[in-house]
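Fold and contact review
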Amino acid sequence: SRRSRRGFAVVAEEIRKLAEQSNTFTEEIKEIVSDLTAKTGQAVETMEKVGKIVEQQSVKVEDTREQFNIISKELDNNNKAVEKLNKSGKELEKTKESLMGIIESLSALSEQNAASVQETSETVEEQTASSEEIAASSAHLADMAQEMSEMVAKFNI
């Protein structure tokens, strides 16, 4: 009976130690679970922050895509404007060539007119000289007619 009491005491002691160990493990498990819960909460917060950042990045990526689309459209518009300018430049070149032809024709006409004016001027000068000669001759003839008239008058007396 002593042995059984002693055996029971040993068993009871072992059970008590196991209970203490179990309580220690339970406390450790509680701490681990509490730590895991805290870390899980932090992970959830981090995931929410990451989700917000990803959402913001998606918005920024979309904004960037829109900006690229705007830039692409502007580049297309610029290309069209350059093409129009090239066409206008060619048309201006043709117009310039036409104007140069007109100017050359006008220049030739101006030279012809100048030559005609020169010839006309010379003709007018010649006609003026001839008129002066005719006037001088007429005056001389008038003098001669006067003299002849005086001479005839002398014979009549």
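The paragraphs below set out a description of the structure included in this document. (Residues numbered from 1 in each chain as written. Predicted model: local features only at pLDDT ≥ 70, side-chain atom pairs only at ≥ 80, totals over all residues. Heavy atoms only, no water.)

Quick look at the pattern of salt bridges
Heads up, the rule is: Between Lys or Arg on one side and Asp or Glu on the other, a salt bridge is scored when a side-chain nitrogen of the former is within 4 Å of a carboxyl oxygen of the latter. Put simply, DSSP H or I for four residues or longer makes a helix, DSSP E for two residues or longer makes a strand, and each gets a number counted from the N terminus.
Tallied over the entire structure, the rule returns six salt bridges. Put simply, Arg-65 and Glu-62 hold a salt bridge, and the shortest N to O gap is 2.6 Å. Of this pair, Arg-65 and Glu-62 both sit in helix H1 (residues 2-156), three residues apart, which is roughly one turn of the helix. A single salt-bridge network, built from bridges that share partners, covers Glu-13, Arg-16 and Glu-20.

As for a nonpolar patch on the surface
Quick note on the threshold: Only residues whose relative accessible area exceeds 30% and that form no salt bridge enter a patch; like-charged residues are grouped when within 9 Å of one another, and nonpolar side chains (Val, Leu, Ile, Met, Phe, Trp, Tyr) when within 5 Å. The accessible surface values rely on the Shrake-Rupley method and a 1.4 Å probe; as for residues, cover is taken only from the protein chains in view. Relative accessible area decides the class of each residue, using a 1.4 Å probe on protein chains only: under 20% of the type maximum gives buried, over 50% gives exposed, and in between gives partly exposed.
A cluster of nonpolar side chains, contributed by Leu-99, Met-100, Ile-102, Ile-103, Leu-106 and Leu-109, occupies part of the molecular surface with about 570 Å² of accessible area. Secondary-structure assignment places Leu-99 in helix H1. You can call Leu-99 partly exposed: its relative accessible area is 46%.

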